[in-house]
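A closer look at the structure
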Amino acid sequence: MTIERTFSIVKPDAVGRNQIGAIYHRLESAGLTIVAAKMLRLTEQQAQGFYAEHEGKPFYAPLIEFMTSGPVMVQVLEGDNAITRYRELMGKTNPEEAACGTLRADYAESTRLNAVHGSDSPESAAREIAYFFSDDEICPRD
Ligand code: IDP
């Protein structure tokens, strides 16, 4: 067992369709425990900092516009091998390529409006969790 933490966003498209609960149900049913969560509306500066690795790419400006277009839910997920397992549960970036039964196959509209974010490595998870949560906002189960 390798208990890991990963960072997740329910993006503005899914929040706007009232799909928070459905997505949380899928996370918990997959054995991922939500140990921190909050709703917020990203500022342009927050979104730009979060997606800094994509600066200069053609999809960067529309991505920032999308991510600041409405509220998001940000959460920390904990579980065995959580980083890889949550990436598998999300499915590929483009929902047309996402495997059946994945979150993006079921909830994403397009490659940009793709419902969820998840960290892609232990280094990203640590950076992204610290970007949104202080240690005292994380509530592991006893
Ligand atoms: P990921 O979210 O699957 O890890 P990344 O390549 O890190 O994908 O891209 C970050 C986000 O940028 C994607 O989730 C999606 O919202 C958006 N994005 C990525 N590639 C494209 C694209 O080719 N067109 C439009 N939006 C894109």
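Up top is the structure.
In this report, the structure presented in the accompanying data block is examined. (Residues numbered from 1 in each chain as written. Predicted model: local features only at pLDDT ≥ 70, side-chain atom pairs only at ≥ 80, totals over all residues. Heavy atoms only, no water.)

Structural notes on unusual backbone geometry
Of all residues except glycine, most have a negative phi; of all peptide bonds, most are trans. The line we're drawing: By the criteria applied, helices consist of DSSP H or I runs no shorter than four residues and strands consist of E runs no shorter than two, each listed in order from the N terminus. Buried, partly exposed and exposed residues are distinguished by accessible area as a fraction of the type maximum, computed with a 1.4 Å probe on protein chains only: under 20%, between the cut-offs, and over 50%, respectively.
With a phi angle near 55 degrees, Asn81 is a residue other than glycine that sits in the positive phi range. Looking at the secondary structure, you find Asn81 in the loop between β3 (72-80) and α5 (82-90). Here Asn81 falls in the partly exposed class, since its relative accessible area comes to 33%.

Examining the pattern of salt bridges
Test applied: By definition, a salt bridge exists where a carboxyl oxygen of Asp or Glu is found within 4 Å of a side-chain nitrogen of Lys or Arg.
Within this structure, the stated rule accounts for five salt bridges. In this structure, the salt-bridge partner of Glu78 is Arg5, at a minimum N-O distance of 2.8 Å. Of this pair, Glu78 sits in strand β3 while Arg5 sits in strand β1 (residues 3-10), and the two are 73 residues apart along the sequence. Relative accessible area serves as the criterion here: at 17%, Glu78 is assigned to the buried category. For Arg5, a relative accessible area of 31% translates into the label partly exposed. Ionic pairing is found between Lys38 and Glu137, a salt bridge with its closest N-O pair at 3.1 Å. Of this pair, Lys38 sits in strand β2 (residues 33-40) while Glu137 sits in the segment after α7 (122-132), placing them 99 residues apart in sequence. What makes Lys38 partly exposed here is its relative accessible area of 23%. On the accessibility criterion, Glu137 (33% relative accessible area) is partly exposed.

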